[in-house]
Protein chains: 2
Amino acid sequence: MSKKSKSNLDDTRLRQLFESKNFAFLGSLMKDGSPHVTPTWVDIENGNILVNTAIGRIKHRNVSRDPRVALSIIDQNNQYEMVTLRGKVIEQITGDAAEKHIDKLSKKYIGADKFPRRSKGEQRVILKIKPEKIFLM
Amino acid sequence: MSKKSKSNLDDTRLRQLFESKNFAFLGSLMKDGSPHVTPTWVDIENGNILVNTAIGRIKHRNVSRDPRVALSIIDQNNQYEMVTLRGKVIEQITGDAAEKHIDKLSKKYIGADKFPRRSKGEQRVILKIKPEKIFLM
């Protein structure tokens, strides 16, 4: 399979993978160092990847302990268009920005202005991921 | 999101996720302990998950060093039907069985009797994954 290695997201084909409704699969590290993979909504902004989770969830706990992540996306309309990358969570953003951001993702993925699956008392957090190695296939 | 934790694949909904043409996203560990995620074809047999790669590829090198993996699948026809699991590579199978198995996966995913993307001289290997914790969402 031909691969193209890149270090930034400045590529039309690559941006389309992130901007469409494809789920991303986020890999992080459990406390014992074992891998964890979970599907997640995703967004890009200024060359970084944004994932939105709730404070205290597994992926939030994992990246708070060790910021190293991996992420992979395939195009739901052409499963052989794919990207896989490694990088780090360089910032966590909470508060109003994170609450608005989950609504933005909700709009993108399911067309709902307000994210309909908030649990009582949950606080959202944006995980800002800086990609380091990108492979487009 | 409601979750159901299981320790085996004996569940119709779960089996369907694996038996249809959905890609799986396999998480493994790089040499430095960082996570790696890659989309892959997948199969199940006797309660274990089978992934087929070529000897020497990143995921083969990773699981040969540390057998701990994670894996996640979403249904391409309903992205909110998903499973995520953690487990270990308990066996690697090479030789004729692995060559036949990649043809089986090729038939399943792209309808081709023979896997059309063999590189010259590559040797296939089946990674047999025993799931330990399964979350169906």
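This one's a predicted model, so the numbers in the text were calculated from it and none came from an experiment.

## Let's talk about unusual backbone geometry
Note: most residues except glycine have negative phi, and most peptide bonds are trans.
Okay, step 1: With phi around 50°, Asn46(A) is a residue other than glycine that occupies positive phi space.
Okay, step 2: You can see Asn46(A) is positioned in the loop between β4 (43-45) and β5 (48-54).

## Overview of the relation of the copies chain A and chain B
Okay, step 1: Under the fitted operation, chain A is carried onto chain B by 0.0 Å of movement along the axis and a turn of 180°, and the coordinates agree to an RMSD of 0.0 Å. Taken together, the rotation and translation describe the operation of a two-fold axis.
Okay, step 2: A share of 100% of the interface residues of chain A reappears at the interface of chain B, consistent with the copies meeting face to face through the same patch.

## A closer look at the environment of Pro116(A)
Okay, step 1: In this structure, Pro116(A) sits in the loop between α3 (96-110) and β8 (124-136).
Okay, step 2: Note on Pro116(A): 9 C-beta atoms within 10 Å, which makes it exposed.

## Observations concerning the interface of chain A and chain B
Interface size is commonly expressed as the accessible area that is lost once the parts come together.
Okay, step 1: Taken together, the contact pairs 25 residues of chain A with 25 residues of chain B.
Okay, step 2: Those elements that place two or more of their residues in the side of chain A that touches chain B are β2 (24-29), β3 (35-40), β6 (68-75) and β7 (78-94) of chain A.
Okay, step 3: Of all the elements, β6(A) adds the most residues to the side of chain A that touches chain B, at six residues.
Okay, step 4: Looking at the side of chain A that touches chain B residue by residue, the classes come out as twelve nonpolar, ten polar and three charged.

## Some details on the environment of Asp75(B)
Residue and element names in this part refer to chain B.
Okay, step 1: For Asp75, the location among the structural elements is in strand β6 (residues 68-75).
Okay, step 2: Taking C-alpha positions, Asp75 is 8.9 Å from Gln16, a pair spaced 59 residues apart along the chain.
Okay, step 3: When near neighbours in sequence (up to four residues on either side) are disregarded, Asp75 contacts Leu17, Asn22 and Glu81.

Parameters and conventions
Residues numbered from 1 in each chain as written. Chains lettered and ligands numbered in written order. Predicted model: local features only at pLDDT ≥ 70, side-chain atom pairs only at ≥ 80, totals over all residues. Helix = DSSP H or I, 4+ residues; strand = E, 2+ residues; numbered from the N terminus. Least-squares fit on C-alpha atoms with pLDDT ≥ 70 in both. Contact = placed C-beta atoms within 7 Å. Buried ≥ 20, exposed ≤ 12 C-beta atoms within 10 Å, placed from the backbone. Nonpolar A, V, L, I, M, F, W, Y, C, P; charged D, E, K, R; others polar.

Nothing here speaks to function; it is geometry throughout.
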